[in-house]
Amino acid sequence: MEKIGDGLHFSVLGQLEIVRGGAPVIIAAAKQRVALVALLLQANNLVTRHELIDRIWANDLPVDPSASLHTHIARLRHALRGGRHLIRTHDLGYSIQASAETLDVLRFRHLVGSAAEVRSRDDAGQEAQLLREALALWRGPVLADVASESLHREVVPPLEEERLRAQERWFEVCIRLGEPVEVIPDLRAAVDAHPTHERFWAQLILALSLGGRQVEALETYRTVSELLHTELGLDPGPEIQQAHERINSSLSMVPQAPFQQATGCLVPAELPADTGAFTGRATEVERLCDHMIGGTRQPAIFAISGVGGVGKSALAIHAAHQITSHFPDGQLYVDLHGARVDIESPPPDEVLKRFLRSLGLAEAAVPASVEEAAARFRSMTSDKRVLVVLDNARDAEQVRPLIPGGLGCGVIITSRRTLAPFSGVVHRGLDVLAEEEAGLLLSRLVGPERIEAEPEAAASVVRLCDGLPLALCIVAARLAARPAWSVAALRDRLTSEPHRLAELQMGDRAIRASFEVSYRDLTRGCDGVDAARLFRLLGVFGCKDVGPEAVAALADLPVGRADELLESLVEGQLVEALGTGRYRMHDLLRLYARECAETFGTMPVTAAPCPAACTAAGNWTRRDTVAEPSGGRCACTPA
């Protein structure tokens, strides 16, 4: 690989370090350090002058920023003795040349990528070694000694997420290899650094249990249970619960039998029944079907994301039924339960074993490990046309082993969050139904006669359900169960905001439970506590359409940090980005957010005047604040 400079090596995964031939190179000037790091973090790519100026000076600009930047770059070149072949000048900015041999962050990504490649060859030992080497490059907090607010706000969190994912995978592989005790110290450090990251806690509990330290495992479970309840008002999620259940057991390994195909097996047809009341979504159905049967050089993958209850599963199943003839070798279906808090998600190895049995593999021949089972699944589908529907996926890691190997295969995935990208996937976000389509769905579910008898009340019910298909289905079920009720009577019950979510419940279907999954998911990742707090604040604020400035004033945060947290809520499908720098929260989600604030009692705001940014936005009027037992809320009303 090409090397930059003469024996130069840069490290940014910790404090900034520069070494030439084993000797440190000191860059003392703070602004030059910021410029260098900004270039290194986008090595081999253009960094515009505008971005560099923002990174270095933010709002405290010199008289001539471009001239000052030119001076700092010239001094950097001199200090690094790299000349213009190291830091290159472009029409719009600068770039620095680097490789995995000369820059630690590129080396980290190269090793993680290599680990993913050997994973596909079922070499867990080599994968663990590569991940161990990658994680060893981290020497502490990223850029701990580089003074740039924008770098720490915009660049450091994604880097930390990359480290988080690599740690999760390394811990998982080491535990599977029978080395749980070796990773316990690192797991303890991980939960200390990320106290609300449930997967680390689950892996620590499992490692302690498999290492014969059941008492410590139980104590760890009690610790995380208390922490999650105190910080977030939540019980431990499915991963921790599963680890808890396995404290007194150990992983069993089933001896592998020779590869053996069962005879006389039927072609699997596992799709759930299509709903006769499916309404609207014509564009989405057409786009999904066209992609699945369009013919590609790899399995066609279509991922549908959206807020809980928006109809992702209904769309996936409806569209799948339209294209079964294009997948004559079978249709496989699994509910991965990523949208439930009361049911744990089945691990990939269990799903793979079920798929392999459905495809005709004898029970004794089903591999025990997820890597072997995934490889066998790809082999068995390599020359087939099989449709796989992965419903309610939690994340991309859960999905990747379940992708078939045949170029003629297709995969439809539904999930709350937009899945991390992987090869060949097409994403489609799903919104609530338009008012006309929502009214038609209610008519089909309840019966046109009943709706036509009370058209105004029915229209009000549709609006109160916010166009959310799950809410409309619950309303229809309640009306069907109570023939004596008028539509107007149900409308009146839904009109009360404090009781609306309680009314939107029937049997095991509830809007509140659906939203709780998305709220819990906020705790995964670096911004968990802050994002959950902001979600609750927005519920109390009571405004559907907000900008980062008003949110920053409300939450007492810098505007940049408020914008980051709003984007976390967008990723979690809890607010919608309008594309104009503003964000919208659907009515039912706003009611749930308010309930969370009142239930958990963690609102930091007290009775105070409306944030100035609220009035400055031009669509609010200041009023006296109304104090409430929950801690107070803004009493603004639309201007």
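Residues numbered from 1 in each chain as written. Predicted model: local features only at pLDDT ≥ 70, side-chain atom pairs only at ≥ 80, totals over all residues. Heavy atoms only, no water.

## A word on the confidence of the model for the chain
Inference 1: For the chain, per-residue confidence averages 82 on the pLDDT scale, and residues scoring 70 or more make up 87% of the total.
Inference 2: In the model, residues 250–265 has pLDDT below 50 throughout and makes 28 contacts with residues more than four positions away in sequence or in other chains.
Inference 3: Considering only residues more than four positions removed or in separate chains, one finds that residues 602–639, a stretch of pLDDT under 50, has 64 contacts. (pLDDT = per-residue confidence, 0-100. Contact = heavy atoms within 4.5 Å.)

## Some details on the sheet that holds strand S6 (residues 93–96)
Inference 1: With respect to topology, three strands assemble into an open sheet ordered S4-S6-S5, the strand pairing being antiparallel. The strands lining the two open edges of the sheet, one partner per strand, are strand S4 (47–48) and strand S5 (87–89).
Inference 2: Across two bridges, S4 lies against S6 in antiparallel orientation. Note that in S6 the partner of Val 47 across the bridge is Tyr 94.
Inference 3: In this fold helix H3 (residues 65–80) packs onto S5 and S6, with an angle of close to 145° to the strand it touches most, S5. (Pairing = 2+ DSSP bridges. Helix = DSSP H or I, 4+ residues; strand = E, 2+ residues; numbered from the N terminus. Axes fitted to C-alpha atoms, helices over the stretch in contact; angles between N-to-C directions.)

## Some words on the side chain of Arg 169
Inference 1: Following the sequence through the fold, Arg 169 ends up in helix H8 (residues 156–176).
Inference 2: Not counting chain neighbours up to four residues away, the residues in contact with Arg 169 comprise Arg 119, Glu 127, Leu 131, Arg 176, Glu 371 and Glu 397.

## Considerations on H8
Inference 1: Between the first and last C-alpha of H8 there are 31 Å, a value that for 21 residues agrees with the 30 Å anticipated at 1.5 Å per step.
Inference 2: Two residues or fewer past H8, Gly 178 is found with a positive phi of approximately 85°. (Expected span 1.5 Å × (residues − 1).)

## As for helix H12 (residues 238–245)
Inference 1: All buried positions along H12 are accounted for by Ile 240, Gln 242 and Ala 243. Down the axis, H12 shows its buried residues gathered within 160° of arc, on one side only.
Inference 2: Packing partners of the buried residues in H12 comprise helix H10 (198–210) and helix H11 (214–232). (Buried < 20%, exposed > 50% of the residue type's maximum accessible area, 1.4 Å probe, protein only. Arc of directions from axis to C-beta.)

## Things to note about the environment of Ile 304
Inference 1: Relative to the helices and strands, Ile 304 is located in strand S7 (residues 300–305).
Inference 2: Taking the C-alpha atoms as reference points, Ile 304 and Arg 416, 112 residues apart in sequence, are found 8.3 Å from one another.
Inference 3: With near-sequence residues (within four places) excluded, Ile 304 lies in contact with Leu 288, Lys 312, Leu 315, Ala 316, Ile 412, Ile 413, Thr 414, Ser 415, Arg 428 and Leu 430.

## A few points about empty space enclosed by the protein
Inference 1: What the rule picks out here adds up to three cavities of 30 Å³ or more.
Inference 2: Together, Val 307, Val 432, Asp 466, Leu 468, Phe 515, His 586, Leu 588 and Leu 589 line the largest cavity.
Inference 3: Each residue belonging to the lining of the largest cavity can be placed in one class, and the counts come to six nonpolar, one polar and one charged. (1 Å grid on protein atoms, 1.4 Å probe; cavity = no way out; pocket = protein on both sides within 12 Å on 5 of 7 lines; lining within 4 Å. Points joined across faces, edges and corners; volume = space filled by probe spheres on them. Nonpolar A, V, L, I, M, F, W, Y, C, P; charged D, E, K, R; others polar.)

## Some details on the nonpolar core
Inference 1: Residues Leu 80 and Phe 535 are the most contacted members of the largest nonpolar core, which totals 163 residues.
Inference 2: Looking at which element gives the most residues to this core, the answer is H8, with nine residues. (Core = buried A, V, L, I, M, F, W, Y, C linked by side-chain atoms within 4.5 Å.)

## Remarks on the packing of H8 against H10
Inference 1: The interhelical angle for the contact between H8 and H10, taken along N-to-C directions, is 20°, at an axis separation of 11 Å. In terms of orientation, H8 lies roughly parallel with respect to H10. The two elements H8 and H10 cross, and the hand of that crossing is left-handed. In this structure, H8 uses Leu 164, Gln 167, Glu 168, Phe 171, Glu 172 and Ile 175 to contact H10, whose residues at the interface are Arg 199, Phe 200, Gln 203, Leu 206, Ala 207 and Leu 210.
Inference 2: Residue composition of the contact of H8 with H10, grouped by class: seven nonpolar, two polar and three charged. (Parallel < 35°, antiparallel > 145°, perpendicular 65-115°, else oblique. Left-handed = near helix turned anticlockwise from the far one by under 90°.)

## Structural notes on the packing of aromatic side chains
Inference 1: Inspection of every chain in the model, using the stated rule, returns eight aromatic pairs.
Inference 2: Aromatic pair Phe 171 and Phe 200: ring centres 5.7 Å apart, planes at 80°, arrangement edge-to-face. Of the two residues, Phe 171 sits in helix H8 while Phe 200 sits in helix H10, which places them 29 residues apart along the sequence. Per residue, the accessibility class of Phe 171 equals that of Phe 200, and both read buried.
Inference 3: An aromatic cluster is defined as three or more aromatic residues linked by ring pairs; in this entry it consists of Phe 515, Tyr 519, Phe 535 and Tyr 592. (Phe/Tyr/Trp six-rings, centres within 6.5 Å; stacked < 30°, edge-to-face > 60°.)

## A few points about the pattern of salt bridges
Inference 1: Counted under the stated rule, the structure contains 41 salt bridges.
Inference 2: A salt bridge links Asp 145 to Arg 33; the nearest nitrogen and oxygen atoms lie 2.5 Å apart. Placement of Asp 145 in the loop between helix H6 (124–135) and helix H7 (149–154) and of Arg 33 in helix H1 (residues 30–40) is noted, with a sequence separation of 112 residues between them.
Inference 3: When the shortest N-O distance is used, the salt bridge between Arg 491 and Asp 492 registers 3.1 Å.
Inference 4: Arg 491 sits in the partly exposed class, given a relative accessible area of 25%.
Inference 5: Where salt bridges share partners, they join Glu 161, Arg 165, Glu 168, Arg 199, Glu 239, Arg 394, Asp 395 and Glu 397 into one cluster. (Salt bridge = Lys/Arg side-chain N within 4 Å of Asp/Glu carboxyl O.)

## Some thoughts on the pairing of strand S2 (residues 17–20)
Inference 1: Side chains Ile 18 and Arg 20 of S2 all project onto a buried face; the interleaved residues Glu 17 and Val 19 project onto a face where none is buried.
Inference 2: Sheet topology places strand S1 (residues 8–11) next to S2; four bridges connect them, and they run antiparallel. Residue pairing across strands places Ser 11 opposite Glu 17, the latter belonging to S2.
Inference 3: Hairpin geometry of S1 and S2 is characterised by an intervening segment of five residues between the two adjacent antiparallel strands and by a positive phi of about 145° at Gly 14.
Inference 4: With antiparallel pairing between neighbouring strands as the criterion, S2 and strand S3 (residues 23–24) make up a hairpin whose turn holds two residues, including Gly 21 at a positive phi of roughly 60°.

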